Amino acid sequence: MAKILLLGSGELGKEFVIAAQRIGQTVIAVDSYENAPAMQVAHDFEVINMLDGDALDKIVAKHNPDFIVPEIEAIRTERFYDYEKQGITVVPSAKAANFTMNRKAIRDLASKELGLKTAEYRYATTAEELRKGVLEVGVPCVVKPLMSSSGKGQSTIKTEADIEKAWEYAVAGSRGDVVEVIVEAFVKFNSEITLLTVTQNNNRTLFCAPIGHRQERGDYQESWQPARISDKDLYEAQDMAEKVTEALGGAGLFGVEFFIADDGVYFSELSPRPHDTGMVTLAGTQNFNEFELHLRAILSLPIFEISLEKSGASAVILASENNTNPTYSGIEKIAALPKTDFRIFGKPSTRTYRRMGVALVNDTLETPIEEVVEKAVKAASLVNVK
C-alpha cells in the first residue's frame with residue numbers, strides 16, 4: 001500500500017483521506033495548525049509552515065512518501081522538482097503544482113502557449129502598475145492575487161476610485177510571499193462552470209458532468225450538478241481542459257473553471273486537485289465522488305467511466321461569528337429532511353463566513369436543478385454555527 005504525504009489538511013483533504021483510508025492507504029496530513037480537519041482522520045500528522053522549504057525537506061525525508069499530494073497553494077512548490085528526482089511522485093506533477101499555485105504561470109500557459117480563449121489581463125506588482133493595467137483592460141474588471149485561495153483578496157473594480165482599495169485588499173489576501181496581482185477584463189458571462197477533469201496513467205482523460213456554482217465574496221456558496229450548458233459549449237470546455245491538463249502532465253483530478261458567454265467558452269482558472277464546488281459529488285451524483293477519482297488516478301487504478309447517477313446540489317454552512325470553541329445547532333433539523341445529507345468539517349475555530357460544513361441534496365435527473373439547489377440552500381440555513 002502507498003504512503004501519501006498530504007500538504008494541506010482542510011475539508012477537501014479530509015474527504016481525500018477518508019477515500020484513501022477506505023482502500024488501505026497510509027496518509028500523513030500536514031498543515032500550519034493542529035487539529036486541522038484531515039489530521040483528524042489521517043494515520044499521522046505534522047505541523048509546519050509549508051512555505052519554509054527546509055522544514056518541508058525535513059518532513060519529506062522523515063516520512064519518505066510514495067506520493068506528495070498538495071491541497072493548498074501556500075507551499076514552497078519549487079522543491080517539488082527535487083522530490084520528483086528522488087523518485088517521489090508529486091501529484092499531479094511538479095510542473096502542474098508549480099504552474100497552478102501561481103495564477104501567472106497557468107494563465108500564460110493557457111493564453112499564450114495553448115491559445116485558449118481567456119479574458120484580457122495584465123499583471124501588477126504595485127498600485128501604480130495596477131492603475132495602468134485597469135486603464136488598459138477597462139472597467140469593470142476583476143483583481144486577484146497571483147497566489148490565494150477561496151476568493152481571498154479578490155474584488156471588482158467598478159470605477160477608478162476603487163483601484164487603491166483593490167490593491168490593498170489583494171495584497172492582504174495574498175498567500176505566500178508573492179506580492180503581485182492579475183487584473184482581468186470583466187467577461188459578460190451567462191454562467192460559470194467547473195469541469196472536473198481526470199487524467200490517468202495509460203488511460204484516457206475523463207470528464208465529470210459540468211458543475212454550476214454561485215459565488216459571494218469570491219467564495220462559492222452553492223454548486224450543482226449537472227449544470228445546463230449546450231453540447232457545443234461542453235465540447236469546447238472539454239477540449240480546452242484536455243489541452244491544458246495534458247500540457248501540465250501527471251495523473252489526478254483537476255478542477256478546471258470556465259465562463260460560459262454568448263460568444264463561447266472562456267478559460268478562467270485551474271486547480272490540480274479536488275475543487276470546493278466539486279463537493280456536490282458527495283451527494284451521490286456520480287459513481288465515484290471527486291476525492292475517490294483523484295485517489296484512483298493517483299494510484300493508477302484504471303477508471304473505466306464516470307457516470308452521472310443523480311442530480312445534486314451543495315450549499316455551504318458558514319460560521320456567524322468568531323469563536324475558538326465552535327457550537328452547532330439545527331443539525332437534527334437537516335438530518336430529518338428527505339434526500340438530504342450534510343458534512344461538518346470539524347474545524348477547531350470559527351470566524352465570520354468561515355466554511356464549517358456543507359448541506360447536500362440529491363434527486364432524480366429529471367428533477368429541475370433549480371429545485372434541488374433551493375432545497376440545499378434551505379437545508380444549510382437550518383444549521384447555525386457560532
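Residues numbered from 1 in each chain as written. Predicted model: local features only at pLDDT ≥ 70, side-chain atom pairs only at ≥ 80, totals over all residues. Heavy atoms only, no water.

A few points about the packing of aromatic side chains
- Under the criterion given, the structure shown has 5 aromatic pairs.
- Measuring from centroid to centroid gives 6.2 Å for phenylalanine 80 and tyrosine 83, while their planes differ by 45 degrees, and the two rings are tilted. One end of the pair is phenylalanine 80 and the other is tyrosine 83, both in helix α3 (residues 80–85) and 3 residues apart, which spans about a single turn. Taken as a pair, phenylalanine 80 and tyrosine 83 share a single burial class, namely buried.
- Here the aromatic rings of tyrosine 121 and tyrosine 123 are separated by 5.6 Å at their centres, their planes lie at 65 degrees, and the arrangement is edge-to-face. For the pair tyrosine 121 and tyrosine 123, a shared accessibility class is recorded, and that class is buried.
- Among the aromatic residues, ring-to-ring pairing joins Phe186, Phe189 and Phe259 into one connected group.
- The ring of tyrosine 123 is capped by lysine 104, whose NZ or CZ atom sits 4.9 Å from the centre of that ring. (Phe/Tyr/Trp six-rings, centres within 6.5 Å; stacked < 30°, edge-to-face > 60°. Helix = DSSP H or I, 4+ residues; strand = E, 2+ residues; numbered from the N terminus. Buried < 20%, exposed > 50% of the residue type's maximum accessible area, 1.4 Å probe, protein only. Lys NZ or Arg CZ within 6 Å of the ring centre and 35° of its normal.)

Some points on the sheet that holds strand β8 (residues 155–157)
- An order of β6-β9-β7-β8 is seen for the 4 strands of this open sheet, with the pairing classed as antiparallel. This sheet does not close on itself; its edge strands, each paired only once, are β6 (121–124) and β8. For this sheet, the mean inter-axis angle between neighbouring strands, taken without regard to orientation, is 25 degrees.
- Examined bridge by bridge, strand β7 (residues 141–145) and strand β9 (residues 181–185) share 5 bridges and lie antiparallel to one another. For valine 142, the partnering residue across the bridge sits in β9 and is glutamate 184. (Pairing = 2+ DSSP bridges. Axes fitted to C-alpha atoms, helices over the stretch in contact; angles between N-to-C directions.)

Focus on the pairing of strand β12 (residues 211–216)
- Pairing of strand β10 (residues 189–200) with β12 involves 2 bridges; the strand directions are antiparallel. Of the residues in β12, the one forming a bridge with threonine 194 is isoleucine 211.
- Of the pairings in the sheet, the one linking β12 to strand β13 (residues 219–225) comprises 5 bridges and is antiparallel in character. Directly across from arginine 214, in β13, lies its bridge partner glutamate 222.

Some words on the sheet that holds strand β4 (residues 67–70)
- Judged by pairing direction, the sheet is parallel, and its 5 strands sit side by side in the order β3-β2-β1-β4-β5 without closing on themselves. Sheet topology places β3 (44–47) and β5 (89–90) at the edges, where each strand pairs with a single neighbour.
- Here β4 pairs with β5 via 2 bridges, running parallel. By the bridge assignment for β5, isoleucine 68 is matched with valine 90.
- Here helix α1 (residues 11–22) sits on the sheet in contact with β1 (3–7), β2 (26–31) and β4, set at roughly 170 degrees to β1. (Contact = heavy atoms within 4.5 Å.)

Description of the pattern of salt bridges
- Enumeration according to the criterion identifies 27 salt bridges in this entry.
- A salt bridge links arginine 79 to aspartate 57, with the shortest nitrogen-to-oxygen separation between them at 2.4 Å. Of this pair, arginine 79 sits in the loop between β4 and α3 while aspartate 57 sits in helix α2 (residues 53–63), and the two are 22 residues apart along the sequence.
- Look at arginine 79 and you get partly exposed, because its relative accessible area is 22%.
- Taken together, the shared-partner salt bridges in this structure form one network comprising Glu11, Asp219, Asp276, Lys347 and Arg355. (Salt bridge = Lys/Arg side-chain N within 4 Å of Asp/Glu carboxyl O.)

Thoughts on the UniProt feature "binding site: N(1)-(5-phospho-beta-D-ribosyl)glycinamide" (unreviewed entry) in the protein chain
- In the numbering used here, UniProt assigns the "binding site: N(1)-(5-phospho-beta-D-ribosyl)glycinamide" (unreviewed entry) feature to Glu11, Leu12, Glu71, Asp276, Lys347, Arg354 and Arg355.
- Within the secondary structure, leucine 12 sits in helix α1.
- Residue classification places leucine 12 among the buried residues on the basis of a relative accessible area of 12%.
- Within the secondary structure layout, aspartate 276 lies in the loop between β15 (264–271) and α9 (290–298).
- Residue class for aspartate 276 comes out buried when judged on its relative accessible area of 13%.
- The contacts of aspartate 276, once residues within four sequence positions are left out, are Leu12, Asp219, Tyr220 and Arg355. (UniProt positions renumbered as here; feature names shortened; annotations may be inferred.)

Brief notes about the environment of threonine 205
- With respect to the element layout, threonine 205 can be found in strand β11 (residues 203–207).
- Classification of threonine 205 by relative accessible area gives buried; the value is 18%.
- In this structure the C-alpha to C-alpha distance between threonine 205 and leucine 195, which are 10 residues apart in sequence, comes to 12 Å.
- In contact with threonine 205, other than residues within four places in its own chain, are Thr197, Val198, Thr199 and Glu242.

Here's the deal with the nonpolar core
- In terms of nonpolar packing, the biggest core is built from 39 residues, with Phe258, Phe267 and Leu270 touching the most fellow members.
- Counting only elements with at least two residues in this core, the list comes to α5 (103–113), β10, α8 (231–248), β14 (252–261), β15, β16 (311–318), β19 (355–363) and α11 (369–381).
- In this structure phenylalanine 258 touches Ser191, Glu192, Ile193, Leu195, Ala237, Met240, Ala241, Val265, Tyr266, Phe267 and Ser268, once residues within four positions along its chain are discounted.
- Formed by 29 residues, the second largest nonpolar core is a distinct cluster that contains Ala20, Val91, Leu295 and Leu360. (Core = buried A, V, L, I, M, F, W, Y, C linked by side-chain atoms within 4.5 Å.)

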